[in-house]
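Geometric and topological summary
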Amino acid sequence: MGLDMFAWRVKAKDALGDFEIAKAGNGAQIVEEFFYWRKHHDLHGWMEKLYRNRGGDAKSFNCIPVRLYSHDLDALQFDLLNDGLPPTTGFFFGDNPPDLESLQEDLKFIQSARDIIAEGDAVYYDSWW
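Quick caveat, the model's predicted, so the values are computed rather than measured. (Residues numbered from 1 in each chain as written. Predicted model: local features only at pLDDT ≥ 70, side-chain atom pairs only at ≥ 80, totals over all residues. Heavy atoms only, no water.)

Digging into the confidence of the model for the protein
With 84% of its residues at a pLDDT of at least 70, the protein reaches an overall mean of 88. Confidence, expressed as mean pLDDT per element, reaches its minimum in the protein at strand 3 (residues 20-21) with 92 and its maximum at strand 5 (residues 66-68) with 98. (pLDDT = per-residue confidence, 0-100. Helix = DSSP H or I, 4+ residues; strand = E, 2+ residues; numbered from the N terminus.)

What follows is the structure, given as structure tokens:
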């Protein structure tokens, strides 16, 4: 058990809002996982802050998809390059400190997400712990 984090590619027609993706069925082809992290707690904290800033009010930020837009990716890249991810802790989150390898992976995610958005699809972050 632990913090598992995912990035999903979602067809534009199935992106129903900032926190909602169409359910499978009725012709919906909703998701394709294109990125995965394990216990990247500070990135999860950044995503939770984004969720709350958009009005998300669930008590626990778990199993809640959050749509990422180009400007979110710009802000994330800035924060990654300027040591701006919020220190985040949790029982299942682990204590892996950020390092050069995780930064490179995060930048790879950002480029992949930008490419997906440029192709007309949507990108969502989600987690499960």
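Digging into the side chain of Arg-67
Within the secondary structure layout, Arg-67 lies in strand 5. Of the side chains with opposite charge, Asp-18 lies nearest to the buried Arg-67, which makes no salt bridge, at 5.8 Å. Those residues in contact with Arg-67 that lie beyond four places of it in its chain are Ala-15, Gly-17, Asp-18, Leu-50, Arg-54, Asp-72, Ala-122, Val-123 and Tyr-124. (Buried < 20%, exposed > 50% of the residue type's maximum accessible area, 1.4 Å probe, protein only. Lys, Arg positive; Asp, Glu negative; His and termini not counted. Salt bridge = Lys/Arg side-chain N within 4 Å of Asp/Glu carboxyl O. Contact = heavy atoms within 4.5 Å.)

Some thoughts on the side chain of His-40
Along the chain, His-40 turns up in the loop between strand 4 (32-38) and helix 1 (41-53). Of the residues examined, His-40 reaches a relative accessible area of 12% and is grouped as buried.

Observations concerning the nonpolar core
Counting residues in each nonpolar core, the largest one holds 25 residues, and the members touching the most others are Phe-34, Trp-37, Met-47, Leu-68, Leu-76 and Phe-109. Among the elements of the structure, strand 1 (4-10), strand 4, helix 1, strand 5, helix 2 (70-81), helix 3 (100-118) and strand 6 (122-128) are those that each provide at least two residues to this core. Sorting elements by how many residues they give to this core places helix 1 first, with five residues. Apart from the residues within four sequence positions on either side, Met-47 is in contact with Phe-61, Leu-68, Leu-76 and Tyr-125. Ranked by size, the runner-up nonpolar core spans seven residues in total, among them Val-10, Ile-21, Ala-122 and Tyr-124. (Core = buried A, V, L, I, M, F, W, Y, C linked by side-chain atoms within 4.5 Å.)

Here's the deal with the sheet that holds strand 1
Consider a sheet: its strands pair through backbone hydrogen bonds, and that pairing is either parallel or antiparallel. Judged by pairing direction, the sheet is antiparallel, and its four strands sit side by side in the order 4-1-6-5 without closing on themselves. The sheet terminates laterally at strand 4 and strand 5, the two strands that pair on one side only. When the angles between neighbouring strand axes are averaged without regard to direction, this sheet yields 25°. Both strand 5 and strand 6 contribute to a ladder of three bridges, which runs antiparallel. Across the sheet, Arg-67 pairs through a bridge with Tyr-124, a residue of strand 6. Contacts from helix 1 reach strand 1, strand 4, strand 5 and strand 6, with the element oriented near 95° to strand 5. Most of the contacts of helix 3 go to strand 4, to which it runs at about 160°, and overall it touches strand 1, strand 4, strand 5 and strand 6. (Pairing = 2+ DSSP bridges. Axes fitted to C-alpha atoms, helices over the stretch in contact; angles between N-to-C directions.)

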